[in-house]
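Read off the chains here:
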Amino acid sequence: MKFYWIKTNRIIKKIFSNYTWDVSNTESKTVYLTFDDGPIPEITEWVLNELKKHNVKATFFCIGDNIDKNPEIFKKVISDGHSIGNHTFNHLKGWKTSTEVYIENTKLCEATIQKNSTSNPKSKIFRPPYGKIKVSQSKKIRKLGYKIIMWDVLSADFDQTLSQEQCLENVTSNLRTGSIIVFHDSIKAFKNLEYVLPKTLAYLKENNFNCGVL
C-alpha cells in the first residue's frame, strides 16, 4: 500500500500555502524538473548527460553527506548550469527528528553547499526529505531565508513495485504548465529513472514544453 500522492491535490496546496507546489506565474508551457538525493557516482553523471542532450536545466536537491563524498560531481552539476537546493545533510525525516537537530542538520548541508560551490547558489531553496516536515521546522527554515519547495507531480521512480511504464505515465499524464516534477538521482530509483527520464525529455520536446530552474 502506497503512502504518497502522484498529483498534489489543490486542497493540500491551499492548506500548506507557505510551501511552493508549482510555479503559477511561469511563462507559457514551462515545467520544472527536480532531482533529489544526489550527488551519486555514475547516476548523477548519467542524469547530467541526458539533460545536456536536450539542452535542459534542472534543480538538484542535494544531501550534504553525498556532496562531501562526491564533491567533483557536485561541482559538475553547478558548472553545467543547474540550480542547487538543500535536502538536509543526512536525509532526515522531519516528523521523527527534533526541530533543533533538524535545523542544525540543514545548516550543515548549507555550509557544505557553500564550501563546495564555485559560485553562490542561484537561489536559497529547501526540500524536506520524504516531504515530511513539522510546522516548527518549517518556520525556522523559512526564517533562515529558505523557500520550501514541494511538488506538483511525483514520478515515484523510487517505488520498485511500479513498472517503468507506470512511472512514465505518472509524469506525462499529470504535468501541466508550472508543474514541479520530482525524480531521484539515486541507486534505488535508477531502474525506473533510466527508462523514464529520456522518454520524459522527449515528450516535453515533442509537446513544446520548456524547462525552468527554481
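Below or above, wherever it landed, is the structure these notes cover. (Residues numbered from 1 in each chain as written. Predicted model: local features only at pLDDT ≥ 70, side-chain atom pairs only at ≥ 80, totals over all residues. Heavy atoms only, no water.)

Re the pairing of strand β7 (residues 180-184)
- For β7, the tally of buried residues reaches 5 of 5 residues, placing the bulk of the element in the interior.
- Strand direction decides the pairing type here: strand β1 (residues 30-36) and β7, joined by 5 bridges, are parallel. Looking across to β7, one finds that Thr34 is bridged to Val182.
- Relative to β7, strand β6 (residues 153-154) runs parallel, the two being bridged by 2 bridges. Counted as the bridge partner of Leu154 is Val182 from β7.
- Once the chain exits β6 it traverses helix α7 (residues 164-172) before rejoining the sheet at β7, and the crossover so formed is right-handed. (Buried < 20%, exposed > 50% of the residue type's maximum accessible area, 1.4 Å probe, protein only. Helix = DSSP H or I, 4+ residues; strand = E, 2+ residues; numbered from the N terminus. Pairing = 2+ DSSP bridges. Right-handed = clockwise from strand over helix to strand, strands pointing away.)

Comments concerning helix α8 (residues 190-206)
- In this model, α8 (17 residues) spans 24 Å end to end at C-alpha, consistent with the 24 Å of a helix rising 1.5 Å per residue.
- When the local axis directions of α8 are compared, the greatest deviation, roughly 25 degrees, occurs at Val196, which is followed within four positions by the proline Pro198.
- Those residues of α8 that sit buried are Asn192, Leu193, Val196, Leu197, Thr200, Leu201 and Leu204.
- Buried-residue contacts for α8 involve β1, α2 (43-53), α7, β7 and β8 (210-211).
- Positive backbone phi, at 60 degrees, marks Asn208, one or two positions downstream of α8. (Expected span 1.5 Å × (residues − 1). Bend = angle between axes of the 7 residues up to and from the residue. Contact = heavy atoms within 4.5 Å.)

A closer look at a nonpolar patch on the surface
- A grouping of Ile11, Ile15 and Phe16 is seen on the molecular surface, where their side chains present a nonpolar patch of about 310 Å² in accessible area.
- As for its position among the elements, Ile15 is in helix α1 (residues 10-15).
- Residue Ile15 is classed as exposed on the basis of its relative accessible area, which comes to 57%. (Patch = residues over 30% accessible without salt bridge, like charges linked within 9 Å, V, L, I, M, F, W, Y side chains within 5 Å. Areas by Shrake-Rupley, 256 points an atom, 1.4 Å probe, with all protein chains shown as cover. Salt bridge = Lys/Arg side-chain N within 4 Å of Asp/Glu carboxyl O.)

What about the packing of aromatic side chains?
- This structure, assessed with the given rule, holds 9 aromatic pairs.
- Here the aromatic rings of Tyr19 and Trp21 are separated by 6.4 Å at their centres, their planes lie at 50 degrees, and the arrangement is tilted.
- With a relative accessible area of 4%, Trp21 lands in the buried category.
- Between the aromatic rings of Trp46 and Phe190, the centroid separation amounts to 5.2 Å while the plane-to-plane angle is 90 degrees, which identifies the pairing as edge-to-face. In this pair, Trp46 is assigned in helix α2 and Phe190 in helix α8, connecting sequence segments 144 residues apart. (Phe/Tyr/Trp six-rings, centres within 6.5 Å; stacked < 30°, edge-to-face > 60°.)

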